[in-house]
Each structure stands twice: as structure tokens, then as C-alpha cells.
Amino acid sequence: MKKINLVTLFLLALFISSTSYSQIKIKYKIGNEIVTNIDILNEKNYLIFLRPELVKLSKKELMNISENSLIREIIKKRELNKIFGNINKLELEEEIKTNLFKYKNVKNKDELITLMNKHNIKYKNVINKIKYEGLWNELIFKKYGSLVNINKEKLRKNLIKKISSTKKYEYRLSEILFEVNENETFKQKYNEILKYAKINDFKSAATKYSISNSSNKGGQIGWIKETMLSEELIEKLERTKIGQITDPTKYPNGYLILMINEKKEMKQIINIEEELKDIVQFEKNKQLNQFSLLFFKKLKQNTTINEY
């Protein structure tokens, strides 16, 4: 009787194991790293955890976004390991954890883990994913920080000129920075994005089409004072109503469209030095983001990606 039970248990375990493995399919090979359908499913759960509104997308769209997100992470992670060594050994948990508490409105690690369990994601995986993005930003700064070109006096003159007029505004904006591929025209891509944003919403369109880092936040970039923006963008925003999308602006790495979520008048008394400090930082971040996109594009072009 014992022998029969042992054989039965062995066969049952073998059946369960083979059934589990039959459900795992290789989807991509990125360099030497294998990506399975389970990895993509985990990425989908992670993205929904950060941005619950993604559940409104179709299953196909959501899986496509998850695939692209995971491919982007793996390419960045490969480069980070070259620069920083074994990045999984770097401890940045405390700072990430504090920010996550605020973002997900929880009080401690236990509450956060409970919330993550409901989304079928692991605490350590989320910490690592956010750590990779932080290290990527650090890498871009180290690599390109010295190439950032800021003409402070020119910015000062522009600021004084801007504040000399009557009313000034600040805008809560969302963005989509999109590329036009070889097999499509600008008009096709632009109209496709507008149509998609109309059927779904701008956040979903940003997640699907934007190549900017803000795509993970549905394109949201927060409150921006018009004193920080170029004359071209200010003119386009002035012609755009709340809830509407600006005409595209050509950038070195694509085309930028903005949506105005809210608009309010700036206070009239402006501290020029404080304002200038914010403008300089904004311009630095903008240039570093452009370097980041160009560098990632180069890495992707030099990475072997096989789809199965």
C-alpha cells in the first residue's frame, strides 16, 4: 500500500510540474535573457499596481504595453550592471519605500505588502524595478551631465521679458512625446494618437505611444509655470483650452503634444532669482531627458531582441 501511494504521489507531482511548465512560453530573448509569458504577466500586474486606470485598456493593448515596458527595463538593466556591477546588491530600499508609502497611501511596510499581494506582485520585485529607474537617472547624469548647456543670462533676460507683461499662468500638463517610424507618416501617427486618446483617454494614449519617461505616469508632468516654457509652447498653450491637446512641437527626438489638465494665474510678485533657479533646473532636466532617450535608443539598436 505504501509503495502504491509513493508511486501515485510521484506521478501526481510529475503531472502538476509538467502542466505548470506547459503553460510557460518563451516570448523574447533579449541578449542572453529569456522573457516568458509569466514575466510579461508579472509586469502587467506591476504596471496596474502603479496605475490602476490601465485596466480600462483591452487585454491586447495592456499586454503590448507590458512587453515594451519589460524590454525597456531589461535593456537598461544590462547597461546598469556594466556600470554599477551587480545592481541587485545595491541597497536603496528605504528611500523607495518612503515614496511608495506616500504614493499608495499606506502607513508601513506590512500594509504595502498586503496591498501588493492583492495585485499578485512581490515587494522585492517592485523595489528593484523602481531602483533600476533611479540608477538609470544617475547613470544619465554621470554620462551626460557635463554636456548640459545652460545659458543662464539668456534665461534671465527671457524671464524679465516674460514677467514684464500683465498676467502669467501655470499649467498642470500631461505630455506625449512620440516618434514616427519608417513605415508611417507623421500625419498617420499623429491622427492615430488623437483618435486613440479620444476613444480612451490621454493617459492611456501616453502609456501606449509616448517614448518619454513620463509614459509610466500616463504622461503626467505636473504643474509647470509658463516662465519655464519656450515662446512657441506658450503660444500653443494660450490657444488651447483646458482638456484639449496642443498642436505638435518638433523636438530632436520626436514630436511633443501637451494636454492642459488645469490652469491658474501665477502670483504677480515674482522673485527673479528663485524663479531663475527653477527655470535652470527645469532646462537641465529637459536636456538630460533628451540624452536619456537618445542613449536608450542607441542601446536598443545594439541589442539583439528575438521574438518567439
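Note that the structure is predicted; figures quoted are calculated from it, not measured.

Q: Can you help me understand the overall build of the protein in this one?
A: Each helix and strand counted, the protein has 11 helices and 7 strands in total. Considering the protein as a whole, with its 308 residues, one finds that 41% of them fall into the buried category. Pairs at least 24 apart in sequence give 72% of the contacts found in the protein among residues at least 6 apart. Accessible area of the protein: about 18,900 Å², with a carbon and sulfur share of 53%.

Q: So what exactly am I meant to see when it comes to the sheet that holds strand S1 (residues 26-30) here?
A: In sheet architecture, strand pairing relies on hydrogen bonds along the backbone and comes in two forms, parallel and antiparallel. Spatially, 3 strands are ordered S2-S1-S7 in an open sheet, and the strand pairing comes out antiparallel. On the outer flanks of this sheet lie strand S2 (33-36) and strand S7 (305-307), each paired with one strand and no other. When strand polarity is set aside, the average angle formed by the axes of neighbouring strands in this sheet is 20 degrees. Packed onto the sheet, helix H2 (residues 37-50) meets S1 and S2 and runs at close to 70 degrees relative to S2.

Q: What exactly am I supposed to notice about the nonpolar core here?
A: Across soluble globular proteins, nonpolar side chains show a tendency to be buried alongside one another. Counting residues in hydrophobic clusters, the biggest one holds 31 residues, and the most contacted among them are Leu100, Leu112, Met116, Ile176 and Ile257. Examining the composition of this core, we find that 5 residues originate from one element, H2, more than from any other. Sequence-distant contacts of Ile176, defined by excluding residues within four places in its chain, comprise Ile193, Phe202, Ala205, Ala206, Tyr209, Ser210, Tyr255, Leu256 and Ile257. Grouped together as the second largest cluster of nonpolar side chains are 22 residues, Ile71, Ile74, Leu80 and Tyr132 included.

Q: Just checking my understanding: could you explain the sheet that holds strand S5 (residues 249-251) for this structure?
A: The strand order across the open sheet built from 4 strands is S4-S3-S6-S5, with neighbouring strands paired in antiparallel fashion. The open sheet has two free edges, formed respectively by strand S4 (220-225) and S5, since each of these has just one partner strand. Here the strands of the sheet are splayed against their neighbours by 40 degrees on average, with no regard to which way each runs.

Q: What is the right way to read the environment of Leu147 from this model?
A: As for its position among the elements, Leu147 is in the loop between helix H6 (123-144) and helix H7 (152-163). Along the backbone, Leu147 and Phe291 are 144 residues apart, and their C-alpha atoms lie at a distance of 9.3 Å. Leaving out residues up to four positions away in the same chain, Leu147 has contacts with Gln287 and Phe291.

Q: Looking at this model, I keep getting lost on the environment of Leu70. Mind explaining?
A: Tracing the backbone through its elements, the reader meets Leu70 in helix H3 (residues 59-84). Overall, the relative accessible area of 8% leaves Leu70 in the buried class. Separated by 28 residues in sequence, Leu70 and Asn42 place their C-alpha atoms 9.6 Å apart. Not counting the four nearest positions on each side in its chain, Leu70 is found in contact with Val35, Asp39, Ile40, Glu43 and Lys129.

Q: Teacher, can you tell me more about a nonpolar patch on the surface here?
A: A surface patch of nonpolar side chains, amounting to about 310 Å² of accessible area, comprises Ile26, Ile34 and Tyr308. Here Ile34 is to be found in strand S2. What makes Ile34 partly exposed here is its relative accessible area of 38%.

Q: Honestly, the pattern of salt bridges in this entry has me stumped. Any pointers?
A: When charged atoms on two side chains of opposite charge get close, those side chains can pair. Applying the stated rule across the entire model yields 19 salt bridges. A salt bridge links Lys82 to Glu79; its shortest N-O distance comes to 3.8 Å. Here Lys82 and its partner Glu79 are both found in helix H3, 3 residues apart, which amounts to about one turn of the helix. Each of Glu43, Glu73 and Lys129 takes part in a single network of salt bridges with overlapping partners.

Q: Would you mind going over unusual backbone geometry with me for this structure?
A: Excluding glycine, residues mostly have negative phi values, and the peptide bonds linking residues are mostly trans. One non-glycine residue with positive phi stands out, namely Asn105, at about 55 degrees. With relative accessibility at 71%, the residue Asn105 sits in the exposed group. Phi is positive for Asn120, which is not a glycine, with a value near 60 degrees. Mapped onto the elements of the fold, Asn120 is located in the loop between helix H5 (109-118) and H6. On the basis of relative accessible area, Asn120 is assigned to the exposed category, the value being 59%.

Q: In this structure, what is going on with the packing of H2 against H3? I would like to understand it.
A: Helix-helix packing is characterised by the crossing angle of the two axes and by the distance between the axes. Put simply, H2 and H3 touch, their axes get as near as 8 Å, and they point 100 degrees apart. When the interaxial angle is binned, H2 and H3 end up roughly perpendicular. Across the interface between the two elements, Asp39, Ile40, Leu41, Glu43, Lys44, Leu47 and Ile48 of H2 pack against Leu62, Met63, Ile65, Ser66, Glu67, Ser69, Leu70 and Glu73 of H3.

Q: I'm lost on the pairing of S1 in this one. Help?
A: Of the pairings in the sheet, the one linking S1 to S2 comprises 4 bridges and is antiparallel in character. In the sheet register, Ile30 faces S2, and the bridge partner there is Glu33. Where S1 hands over to S2, the hairpin turn is made up of 2 residues, of which Gly31 adopts a positive phi near 65 degrees. Where S1 lies against S7, 3 bridges are found, and the strand directions are antiparallel. Each bridged residue has a counterpart across the sheet, and for Ile30 the counterpart in S7 is Ile305.

Thresholds applied
Residues numbered from 1 in each chain as written. Predicted model: local features only at pLDDT ≥ 70, side-chain atom pairs only at ≥ 80, totals over all residues. Heavy atoms only, no water. Helix = DSSP H or I, 4+ residues; strand = E, 2+ residues; numbered from the N terminus. Buried < 20%, exposed > 50% of the residue type's maximum accessible area, 1.4 Å probe, protein only. Contact = heavy atoms within 4.5 Å. Areas by Shrake-Rupley, 256 points an atom, 1.4 Å probe, with all protein chains shown as cover. Pairing = 2+ DSSP bridges. Axes fitted to C-alpha atoms, helices over the stretch in contact; angles between N-to-C directions. Core = buried A, V, L, I, M, F, W, Y, C linked by side-chain atoms within 4.5 Å. Patch = residues over 30% accessible without salt bridge, like charges linked within 9 Å, V, L, I, M, F, W, Y side chains within 5 Å. Salt bridge = Lys/Arg side-chain N within 4 Å of Asp/Glu carboxyl O. Parallel < 35°, antiparallel > 145°, perpendicular 65-115°, else oblique.

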